[in-house]
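Chain by chain, the residues:
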Amino acid sequence: MNATGGTVRQKANFANIFSLRGATGPLIGLLLLCLFLTIATDSFFSLRNFLNILDQITVLGIMAVGMTFVILIGGIDLAVGSVLALSMMVLGYLNVTAGMPMAVAITGALVAAAMCGAISGLLITEFKVPAFIATLAMMSIARGLANMVTNGSQIIGFPPWFNLGAIIRHGGFLTTTVAVMLVVFVLGILYLRYRNGGRELYAIGGNPEVARLAGINVKRKTVFVYTLCSLLAGLAGILLAARLDSVQPSSGVAYELDAIAAVVIGGTSLSGGTGGVVGTLIGVLIIGVLRNGLNLLSVSPFLQAVIIGLVIALAVAAETFKHRGK
């Protein structure tokens, strides 16, 4: 009986970790999209193509996890694309130009990214700057710093093993970069589901004043969330550098829009308090599958932008109608 009861509890816990919590609609949309592309194309439904999709969503996936945390507390971060570019340039400068070990360069890139988020968080909490304005300013500052590092020049010449991490499929399936993304998703899910800090984010997003009266340090949590979001953007920049085997300050333009779109499509409310990382994973997959499918269908890149924009608009409209219904 004990063994059976333990097995049942383990299954229940596993189901709870990955429960959809409002992301059922996006999951159905993803499955229908996959079904349509399987019928419409000859090459979509294949292991090789699915692995390519995973490779293509790695950067977006990691950034979207950080954006989920920010949106859960009712915030927004427009700087993540520029922070990604800054972390890439710091990485390239320290490793290639300054000749420092890759471990030092990666640490420096992550620290630079985290500092951007911490400054944004402090502007929001201590100086009462609206999140939109604070992160818009940081977007400009980080992009300018990214260009200043090498005067706008591209940097190449990373160690061969660095690029191989984005190419070699371990076990024939996963590259190191995809494995890092999956670890970030799992850690994000576990934090929101099983840590007090994760539950506090939902409380802050629901009503920050009530959360403060309940004993939650809203200011500290807000700074933490923006720092984490920028840190993950920096990590995404490092993985993008590995994939491209080069860095340039123009990287990451409009990536913040994709990250926000993935979070919203996954069912997280822009007003905060509802959603989660599981839904974000589905949202990231929808964007990745949609782009992959449109490429396989030879759709013009200009028309692709229109279609993806319409999908985002429909997702936000659906969320609005859902809340009106409640």
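Residues numbered from 1 in each chain as written. Predicted model: local features only at pLDDT ≥ 70, side-chain atom pairs only at ≥ 80, totals over all residues. Heavy atoms only, no water.

**Examining the confidence of the model for the chain**
Taken over all residues, the pLDDT of the chain has a mean of 91, while the share at 70 or more is 92%. Note on residues 7-15: pLDDT under 50 across the span, and 1 contact to partners over four residues away in sequence or across chains. (pLDDT = per-residue confidence, 0-100. Contact = heavy atoms within 4.5 Å.)

**Quick word on helix α2 (residues 24-40)**
The terminal C-alpha atoms of α2, which comprises 17 residues, lie 24 Å apart, in line with the 24 Å expected from a rise of 1.5 Å per residue. Along α2, the residues that are buried comprise Pro26, Leu30, Leu33 and Leu37. The arc enclosing the buried residues of α2, seen along the axis, measures out at 65°, which places them on a common side. In α2, the exposed positions angled more than 90 degrees off the buried face are occupied by Leu31, Leu32 and Ile39. Contacts made by the buried residues of α2 are with α12 (255-265) and α13 (277-296). (Helix = DSSP H or I, 4+ residues; strand = E, 2+ residues; numbered from the N terminus. Expected span 1.5 Å × (residues − 1). Buried < 20%, exposed > 50% of the residue type's maximum accessible area, 1.4 Å probe, protein only. Arc of directions from axis to C-beta.)

**As for the nonpolar core**
Residues Phe69, Leu91, Phe162 and Leu192 are the most contacted members of the largest nonpolar core, which totals 91 residues. Among the elements that make up this core, the one with the highest residue count is helix α3 (residues 47-72) (13 residues). For Phe69, the residues in contact, after removing those within four places along its chain, are Gly188, Tyr191, Leu192, Leu201, Val225, Leu228 and Val277. (Core = buried A, V, L, I, M, F, W, Y, C linked by side-chain atoms within 4.5 Å.)

**Quick notes on empty space enclosed by the protein**
Enumeration over the complete set of coordinates arrives at 3 cavities of 30 Å³ or more. The computed volume of the second largest cavity comes to approximately 40 Å³. Around the second largest cavity sit Ile189, Leu192, Arg193, Tyr202, Gly275, Gly276, Val277 and Val278, which together line it. Mapped onto the lining of the second largest cavity, the elements with two or more residues apiece are α8 (176-194) and α13. Here the residues of the lining of the second largest cavity sort into 5 nonpolar, 2 polar and 1 charged. (1 Å grid on protein atoms, 1.4 Å probe; cavity = no way out; pocket = protein on both sides within 12 Å on 5 of 7 lines; lining within 4 Å. Points joined across faces, edges and corners; volume = space filled by probe spheres on them. Nonpolar A, V, L, I, M, F, W, Y, C, P; charged D, E, K, R; others polar.)

**A look at the pattern of salt bridges**
This model, assessed by the stated rule, comprises 4 salt bridges. One salt bridge connects Arg212 with Glu209, and the closest N-O pair in it is separated by 2.5 Å. Separated by 3 residues within a single helix, Arg212 and Glu209 lie in helix α10 (residues 208-213), roughly one turn from each other. The salt bridge partner of Arg291 is Asp258, with a shortest N-O separation of 3.1 Å. Of this pair, Arg291 sits in helix α13 while Asp258 sits in helix α12, placing them 33 residues apart in sequence. A relative accessible area of 30% means that Arg291 is categorised as partly exposed. (Salt bridge = Lys/Arg side-chain N within 4 Å of Asp/Glu carboxyl O.)

**Let's talk about the environment of Met89**
Turning to its location among the elements, Met89 is positioned in helix α4 (residues 80-97). Taking the C-alpha atoms as reference points, Met89 and Ser250, separated by 161 residues in sequence, lie 10.0 Å from one another.

**Some points on the side chain of Ser120**
Take Ser120: it is sitting in helix α5 (residues 102-125). If we skip the residues at most four places from it in the chain, Ser120 touches Ala134, Thr135 and Met138.

**Observations regarding α12**
Along α12, 9 of the 11 residues are buried, which leaves the element largely enclosed by surrounding structure. Where α12 is concerned, the buried positions are Glu256, Asp258, Ala259, Ile260, Ala261, Ala262, Val263, Val264 and Ile265. Trailing α12 by a residue or two, Gly267 shows a phi angle of about 100°, which is positive.

**A look at the packing of aromatic side chains**
On inspection of all chains with the given rule, the structure shows 6 aromatic pairs. Judged by centre distance (5.6 Å) and plane angle (85°), the rings of Phe44 and Phe50 are edge-to-face. According to the relative accessible area criterion, Phe50 is partly exposed, its value standing at 31%. By way of ring pairs, the aromatic residues Phe44, Phe45 and Phe50 are connected into one cluster. The aromatic ring of Phe224 is capped on one face by Lys221, whose charged end is 5.4 Å from the ring centroid. (Phe/Tyr/Trp six-rings, centres within 6.5 Å; stacked < 30°, edge-to-face > 60°. Lys NZ or Arg CZ within 6 Å of the ring centre and 35° of its normal.)

**What to know about the layout of surface pockets**
The calculated volume of the largest pocket comes to roughly 350 Å³. Listed by contribution, the elements that provide at least two residues to the lining of the largest pocket are α3, α11 (218-244), α12 and α13. Across the lining of the largest pocket, the residue classes tally to 7 nonpolar, 4 polar and 3 charged.

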